[in-house]
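Listed below are the residues making up each chain.
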Amino acid sequence: MFKFKSTILMLSLSATFALANGYFIGFSGGLNHSLINEDNYDLISDNNLLLSPKFGYQINNTHRYSISYEYGGKSSGSKSYDIELDGGVVANESEKYEFTSHKFLLGYDYTPLIWHNLRAYIGVFAGYSFGKLDVEDGPIQDIAPAIPGYLDGFNYGAKLGALYEIGNRWDIEFGAKIMRTMYKSKDLDISFDLDGAAQPMIQKIIHLN
């Protein structure tokens, strides 16, 4: 069973523009640290950029809702594993990984006024996530295609920062957020040829844990 989870810490800067009747649009970007863990092993721990357009509704001066799409740039890492046959280790190999993510989020922000045109914002969000895992082929060519290429799951998180109002239309936001994504488990079905006969390589043989 291949289990995959991701934790993201992001420092962000964004701008929003107020539309009519309380609606607003915005765009944010920031430096993102992704920690991708597979069964308690840090498969990927890397920095990348995250970009996000959003659309929302301002209920009043202190409460708003939004929907957003987030694209996470490529994160990379590597992992080694033992190959066993008949109870003995016959080789130690490694694979290189690249991962990109896409998230669709529904969020709520509380934005109380703290000083003139400066507001704090405290937010929570949750949504759907899917990502693509690219594996660079190692010496054993049958292993990489068996690693699940697309993963999907549920994500949630919180954010904290400040919002500066410019006139009646523009807001500049800066802060940090943390997000946790739990991808669905995937089964591995791996085999290879030995002396012309197919040999199963189950989880106990290929140690992905």
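In what follows, the structure referred to is the one given above.
The following paragraphs examine the structure supplied in this document.

Parameters and conventions
Residues numbered from 1 in each chain as written. Predicted model: local features only at pLDDT ≥ 70, side-chain atom pairs only at ≥ 80, totals over all residues. Heavy atoms only, no water. Helix = DSSP H or I, 4+ residues; strand = E, 2+ residues; numbered from the N terminus. Contact = heavy atoms within 4.5 Å. Salt bridge = Lys/Arg side-chain N within 4 Å of Asp/Glu carboxyl O. Buried < 20%, exposed > 50% of the residue type's maximum accessible area, 1.4 Å probe, protein only. Core = buried A, V, L, I, M, F, W, Y, C linked by side-chain atoms within 4.5 Å. 1 Å grid on protein atoms, 1.4 Å probe; cavity = no way out; pocket = protein on both sides within 12 Å on 5 of 7 lines; lining within 4 Å. Points joined across faces, edges and corners; volume = space filled by probe spheres on them. Nonpolar A, V, L, I, M, F, W, Y, C, P; charged D, E, K, R; others polar.

1. Regarding the environment of Leu105
Mapping Leu105 onto the fold places it in strand 5 (residues 88-110). Along the sequence, Leu105 and Gly127 sit 22 residues apart, while their C-alpha atoms lie 4.3 Å from each other. Other than its neighbours up to four places away in sequence, Leu105 contacts Ser66, Ile67, Ser68, Glu70, Phe125, Ala126, Gly127, Asn155 and Met179.

2. A short note on the pattern of salt bridges
Taken as a whole and assessed by the stated rule, the structure comprises six salt bridges. Where Lys54 meets Glu173, a salt bridge forms, and the shortest distance between an N and an O atom there is 3.4 Å. Here Lys54, found in strand 3 (residues 41-60), pairs with Glu173, found in strand 9 (residues 170-186); they are 119 residues apart in sequence, far enough to count as distant. Judged by relative accessible area, which is 13%, Lys54 ranks as buried. Between Asp109 and Lys159 there is a salt bridge, and its shortest N-O distance comes to 3.5 Å. Highlighted residues: Asp109 in strand 5 and Lys159 in strand 8 (residues 150-166), separated in sequence by 50 residues.

3. Topic: the nonpolar core
With nine residues, the main nonpolar core is built from Ile36, Leu43, Ile44, Tyr97, Phe99, Leu133, Val135, Leu151 and Tyr183. Taken together, the elements giving at least two residues each to this core come down to strand 3, strand 5 and strand 7 (118-136). Leu50, Leu105, Phe125 and Met179 belong to the second-largest nonpolar core, a separate cluster that totals six residues.

4. Some thoughts on the layout of surface pockets
Taken as a whole, the largest pocket spans an internal volume of roughly 330 Å³. Lining of the largest pocket is provided by 19 residues; of these, Ala18, Gln58, Glu165, Asn168 and Asp171 occupy positions nearest its centre. Of all the secondary-structure elements, those providing two or more residues to the lining of the largest pocket are strand 1 (2-18), strand 2 (23-38), strand 8 and strand 9. Per-element tally for the lining of the largest pocket: the top contributor is strand 1, with three residues. Partitioned by chemical class, the residues of the lining of the largest pocket number seven nonpolar, seven polar and five charged.

These figures capture arrangement, not role.
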